[in-house]
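Examination of the molecular architecture
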Amino acid sequence: MPTVRIEPDGFSIQVASGDSLISAVERAGVIVDTPCGGRGGCTKCTVRIVAGDLAPSEACRQAFDAGKIAAGWRLACQVRVTADLTVEVPAAARVRGERIVAAGAAESRSLDPLVFGTVVEAGVPSLEDQRADLERLLAAGGAGLAGLAPELGFLRDLPRALRAEGGRTAVVARRAWSGGCGRLISVAPASRAPRVLGAAFDLGTTTAVGELWDLASGRRLGVASRTNPQREYGADVISRAEHAAGSPGGLRDLQRLAAGCLDEILAECLRSAGCRSADVHDLVVAGNTVMQHLLLGVTPEHIAMSPFAPAFAAARSVPAAEVLITAAPGARLSVLPAVSGYVGGDIVAGLLATGLLDGADDASGPVLFIDIGTNGEMVLVAGGQATACSTAAGPAFEGARISHGCRAMSGAVEEVRFDGTDLVCLTIDGAAPLGICGTGLIDAAAELVRTGLADETGRLLEPGELPAGTPAALAGRVRLGQDGPEVLLGAGREIPLTGRDLRELQLAKAAVRAGAETLLAEAGLAAGDLARVLLAGAFGSYIDPANALAIGLLPAVPVERVAFGGNTSAAGARLALLDRAQRERAAELARSVRYLELSGRPDFQERFAEAMFFPGAASG
Ligand code: FES
């Protein structure tokens, strides 16, 4: 078996001859950025062979010139290991230090979890009272345990637990709810009553965040996050759905990756809180519809093709062990209900967390809730009615298909502003610039239009065409590249932004804007009628609202009407974990939202074409 050594980490791993280099690297624990899903189209997985032989594939020859091939540069997703080698994985190829939004929108409103612990004074049998142990326990438990059926493990443990302390018995139980029947889960002598813990997760396409909660006290014990390891199979849900459907074992692999990700998050929370997985009895997950399918190991392939029907939409509750999550015996994992194939449990969680349909917000006027990622999912709430749609924004906001694009990670140019003489480019963590992420791209486009370096169609001006009076420092950033004019970003001008990059941004922002305008038109509203535009999710949390308005990403409202919801998906999952009434509310919300399918609508296409333009200076 060939051995692959990873530099500069110094890890070594043995692989089967013929394994792809990227899977070898990732099994060694180094996660490579793969926005194209390993199809050879993005070159983000560029690595260098520093020792050993690895023949370049045709895709490598197309990506690199002869000098680079001779120097050992390869696309890790496009080559296979046949002999021992040492490979250098440069920083630019790695996913690392990504910024995670764990903060939620809503705090828990009440504590009434589905799973609870109680101590029952059941007494012990005697010749005068020969009732069966279970009947004795249920009778003593009164209304709290009425109608609950025992798990088999509960029955097996009951006789010993009941008699150990004269009938003083600790019980953990799950109440009945519309998604499942009530159960007696575990039993122990009262002095050894287990803690009753639960976990809430936001399973995003890019990142996953989890929180560990004490369900008895309502105290949060830990929070942790991970990048979603499914990214190996593409940045967007379509690539993953296609992989699940089209590759042998693809669905199983994606299920395991999702479950492993949540399991790691839970383990980290448990470690930091000094708790045991055997005390985790309940788990709630909010994710988009494809993520929820993949987590349960249900094929999402029909979501990816017309007519886009998911296999299930209502909330589901399954044994945690069946989806490979390490928790207490009898623990269950629930996914929140979805509206459609493209408006998932994460958006329903967002509605739960923001309370937009609870009536309190109605008085202030219509609200547009938007979660921007590789899809732009949005809900217009007006007059107590909610209408949702989803648009394929593509991966530009995640830095993919941008020549020097990257995710929001350490070293990404995240902010660009014109200070009167030059562009100031700030990177995440102040690190040396690696590339530009979505927020930096929006800022850059807004400033290029404001300063006249780009026109409203998105065309970058050549050095000789710049407006009179363009400051010299700013003009010095414009050069003629291989494919036309480029603007050099970064403190040291090391990140070229091309006309093609601007075009990718225009496609992404036009999709979101056209979706929003179509929702407004369906409701007979104009942008000015909106009381608020509420941005949710990791990307939305870092957008500069004035610049988002300036490039026409959002409907034209005064900037002070743009608000941030944080990670509303995690917040909604948390509410459902801590308050069983919120699960019922989530089901009602999912049923009440009307879904608007945009594909094939000529009015959407017209709005999309209009929204390609840059409108210019910010509103308000
Ligand atoms: Fe390898 Fe895109 S080229 S992941």
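Residues numbered from 1 in each chain as written. Predicted model: local features only at pLDDT ≥ 70, side-chain atom pairs only at ≥ 80, totals over all residues. Heavy atoms only, no water.

**A look at the pairing of strand β3 (residues 46-52)**
Examined bridge by bridge, β3 and strand β4 (residues 73-75) share 3 bridges and lie antiparallel to one another. Paired with T46 across the bridge in β4 is L75. The sheet contact formed by β3 and strand β5 (residues 85-88) spans 4 bridges and is antiparallel. By the bridge assignment, A51 is partnered in β5 with T86. (Pairing = 2+ DSSP bridges. Helix = DSSP H or I, 4+ residues; strand = E, 2+ residues; numbered from the N terminus.)

**Let's talk about the sheet that holds strand β22 (residues 478-481)**
Taken in spatial order, the 3 strands line up as β22-β23-β24 in an open sheet, and their pairing is antiparallel. Either end of the sheet is taken by a strand with one partner, and the two such strands are β22 and β24 (495-498). Across the sheet, the mean angle from the axis of one strand to that of its neighbour is 40°, orientation sign disregarded. In this structure, strand β23 (residues 484-489) lies alongside β24, joined through 4 bridges in antiparallel fashion. Among the inter-strand pairings, V487 is bridged to a residue of β24, identified as L497. Across the sheet, helix α12 (residues 499-522) lies against β23 and β24, angled at about 65° from β24, the strand it touches most. (Axes fitted to C-alpha atoms, helices over the stretch in contact; angles between N-to-C directions. Contact = heavy atoms within 4.5 Å.)

**So, the pattern of salt bridges**
Scanning the entire structure with this criterion turns up 31 salt bridges. R195 serves as the salt-bridge partner of D214, at 3.1 Å between the closest nitrogen and oxygen. On the criterion of sequence distance, the pair formed by D214 in strand β11 (residues 207-214) and R195 in the loop between β9 (183-189) and β10 (197-203) is long-range, its members being 19 residues apart. Take D214: its relative accessible area is 9%, and that puts it in the buried class. Of the charged contacts in the structure, one is a salt bridge between R226 and E268, with a shortest N-O distance of 2.6 Å. A residue pair is termed long-range when its members are at least 10 positions apart, and R226 in strand β12 (residues 219-227) and E268 in helix α7 (residues 250-273) qualify at 42 residues. Residue class for R226 comes out partly exposed when judged on its relative accessible area of 23%. (Salt bridge = Lys/Arg side-chain N within 4 Å of Asp/Glu carboxyl O. Buried < 20%, exposed > 50% of the residue type's maximum accessible area, 1.4 Å probe, protein only.)

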